[in-house]
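The lines below spell out each chain.
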Amino acid sequence: HNFELSYWDNFKCHSNSAIEKKICEYSSKRTESIVSQLPKNTIFLHVSKEDSVKYERYRPDLTHIVLPNGCTINPRNAFPSYLNSRKSIYFLGSLGLYATKKSLSYFSDCFWPLLCDFCDFYLIGSGNKQMWDKTCRKNGWELLVNVSDKVLDDITSRMHYCVLPFNFASGSKLKFIDACARGIPVISTPPGVCGFSNLPPTVRISENPSDWASWISSPEGPTEAEISACLGFAKEYSWDNLVARVWPQIVNHPPVP
């Protein structure tokens, strides 16, 4: 679980709709009610330490375990040339989520005007293609929906950067660790990499669109050592490693009479 109270608070703050704000207020109260009624032998799995700490304030009597979003290590075999004048960048995620809608709206308004002259942007994800057709035609984005793993591997092998233009977030981002597991450099706002520490040198963070334009347009790509560090970082979050660390805490969890 992400810390849902933060999610609803962020949703409310970024909404201009009175109805949406009321829904957020109701949802926050509903979340508090559900958490308060959980039985004492409940094991709560959280995707970040920050989420765990916040939930512990509500229910210190429960068992709280951190299980971050994990990945399968899948380093790409081909790499694009960073000397190219045009760069290929992509966003990967569930297209129906509110956070996706808000982040791509933020990207379109604040970042894309500085990138559009030298970037090709690929929006890749699962969901309804029709809801994104208009936005992609307007911005000249490539839309790829519900692609197979093989096609996704082929597409990402040609990408220069994964971009994470989130203006709010909680938990940890599966799309971020997926990029690292492929050895792909990431350019993100701070919320896009929340839930992770000791980031590799292939990750750059800024809310300034000019920084993004400078980094993406640079002819200097990641070195072999940096890619190796990126994959090493991802291995810490491989499912094998995560489950090996967390599983003993679950099976040794004492039952509450």
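Located above this text is the structure these notes cover.
This text gives an overview of the structure that appears in the document. (Residues numbered from 1 in each chain as written. Predicted model: local features only at pLDDT ≥ 70, side-chain atom pairs only at ≥ 80, totals over all residues. Heavy atoms only, no water.)

Overview of the overall build of the protein chain
Part 1 of the reasoning: Across its full length, the protein chain holds 10 helices and eight strands.
Part 2 of the reasoning: For the protein chain, the C-alpha radius of gyration of 20 Å lies close to 18 Å, the compact-globule estimate for 257 residues.
Part 3 of the reasoning: For the protein chain, the spread of C-alpha atoms along the three principal axes comes to 65 × 45 × 30 Å.
Part 4 of the reasoning: Across the 257 residues in the protein chain, those meeting the buried criterion constitute 47%.
Part 5 of the reasoning: Of the contacts made within the protein chain by residues no fewer than 6 positions apart, 67% connect residues no fewer than 24 positions apart.
Part 6 of the reasoning: When the accessible surface of the protein chain is split by element, carbon and sulfur atoms take 53% of a total near 13200 Å². (Helix = DSSP H or I, 4+ residues; strand = E, 2+ residues; numbered from the N terminus. Rg over C-alpha atoms; globule rule 2.2 N^0.38 Å. Buried < 20%, exposed > 50% of the residue type's maximum accessible area, 1.4 Å probe, protein only. Contact = heavy atoms within 4.5 Å. Areas by Shrake-Rupley, 256 points an atom, 1.4 Å probe, with all protein chains shown as cover.)

Brief notes about the packing of aromatic side chains
Part 1 of the reasoning: Under the criterion given, the structure shown has 24 aromatic pairs.
Part 2 of the reasoning: Consider the rings of Phe111 and Trp212, whose centres lie 4.2 Å apart with planes at 35°: the pair is tilted. With Phe111 in helix α4 (residues 98-115) and Trp212 in helix α8 (residues 209-217), this pair connects stretches of sequence that are 101 residues apart. A single burial state applies to Phe111 and to Trp212, both of which are buried.
Part 3 of the reasoning: Through successive ring pairs, a cluster of aromatic residues spans Tyr106, Phe107, Phe111, Trp112, Phe121, Trp141 and Trp212. (Phe/Tyr/Trp six-rings, centres within 6.5 Å; stacked < 30°, edge-to-face > 60°.)

Re the nonpolar core
Part 1 of the reasoning: Among the nonpolar cores identified, the biggest contains 53 residues, and Ile89, Tyr90, Phe107, Leu115, Phe121, Leu123 and Phe176 are the most heavily contacted of them.
Part 2 of the reasoning: Formed by six residues, the second largest nonpolar core is a distinct cluster that contains Leu5, Val35, Tyr55 and Leu62. (Core = buried A, V, L, I, M, F, W, Y, C linked by side-chain atoms within 4.5 Å.)

A few points about the side chain of Arg76
Part 1 of the reasoning: By the element assignment, Arg76 lies in the loop between β2 (63-66) and β3 (87-94).
Part 2 of the reasoning: Of the polar contacts made by the side chain of Arg76, one reaches the backbone oxygen of Thr156; its length is 2.9 Å.
Part 3 of the reasoning: Aside from chain neighbours lying at most four places away, what touches Arg76 is Tyr82, Thr156, Ser157, Arg158, Met159, Arg182, Gly183, Ile184 and Pro185. (Polar contact = N/O pair within 3.5 Å; in protein donor to acceptor, adjacent residues only side chain to side chain.)

Regarding the pattern of salt bridges
Part 1 of the reasoning: Scanning all chains against the criterion turns up nine salt bridges.
Part 2 of the reasoning: Between Lys54 and Glu50 there is a salt bridge whose closest N-O contact spans 3.2 Å. In this pair, Lys54 and Glu50 both sit in helix α3 (residues 49-58), four residues apart, roughly one turn of the helix.
Part 3 of the reasoning: Using a relative accessible area of 48% as the deciding quantity, one classes Glu50 as partly exposed.
Part 4 of the reasoning: Between Lys129 and Asp133 there is a salt bridge whose closest N-O contact spans 3.0 Å.
Part 5 of the reasoning: Note on Lys129: relative accessible area 38%, which makes it partly exposed.
Part 6 of the reasoning: Among the charged side chains, a network of salt bridges with common partners joins Lys12, Lys22 and Glu25. (Salt bridge = Lys/Arg side-chain N within 4 Å of Asp/Glu carboxyl O.)

Looking at the sheet that holds β3
In sheet architecture, strand pairing relies on hydrogen bonds along the backbone and comes in two forms, parallel and antiparallel.
Part 1 of the reasoning: As summarised here, the arrangement of the six strands in space is β5-β4-β3-β6-β7-β8, forming an open sheet in which the pairing is parallel. This sheet does not close on itself; its edge strands, each paired only once, are β5 (142-145) and β8 (203-205). Each neighbouring strand pair of the sheet contributes to a mean axis angle of 25°, computed without reference to strand direction.
Part 2 of the reasoning: Two strands pair when backbone bridges link them, and β3 and strand β6 (residues 161-164) are joined in this way by two bridges, in the parallel orientation. Across the sheet, residue Tyr90 finds its bridge partner in β6, namely Cys162. (Pairing = 2+ DSSP bridges. Axes fitted to C-alpha atoms, helices over the stretch in contact; angles between N-to-C directions.)

Quick look at the side chain of Thr42
Part 1 of the reasoning: Mapped onto the secondary structure, Thr42 falls in the loop between α2 (18-36) and β1 (43-46).
Part 2 of the reasoning: There is a polar contact of 2.7 Å between the side chain of Thr42 and the backbone oxygen of Pro39.
Part 3 of the reasoning: Sequence-distant contacts of Thr42, defined by excluding residues within four places in its chain, comprise Leu62 and Thr63.

Section: the environment of Tyr55
Part 1 of the reasoning: Within the fold, Tyr55 resides in helix α3.
Part 2 of the reasoning: Taking relative accessible area as the criterion, Tyr55 reaches 3% and is therefore assigned buried.
Part 3 of the reasoning: For the pair Tyr55 and Phe3, spaced 52 residues apart in sequence, the C-alpha separation works out to 6.8 Å.

Digging into the packing of helix α1 (residues 4-13) against α2
Part 1 of the reasoning: One way to put it is that α1 packs onto α2 with a least axis distance of 9 Å and a crossing angle of 170°. By the criterion of interaxial angle, the relationship of α1 to α2 is roughly antiparallel. Residues Glu4, Leu5, Trp8, Asp9, Phe11 and Lys12 of α1 form the contact with α2, whose participating residues are Glu20, Lys21, Cys24, Glu25, Ser27, Ser28, Thr31 and Glu32. (Parallel < 35°, antiparallel > 145°, perpendicular 65-115°, else oblique.)

Notes on the environment of Asp9
Part 1 of the reasoning: Mapped onto the secondary structure, Asp9 falls in helix α1.
Part 2 of the reasoning: Remark: the alpha-carbon pair of Asp9 and Ser27, spanning 18 residues in sequence, is separated by 9.8 Å.

Function-wise, these values are silent; they only describe arrangement.
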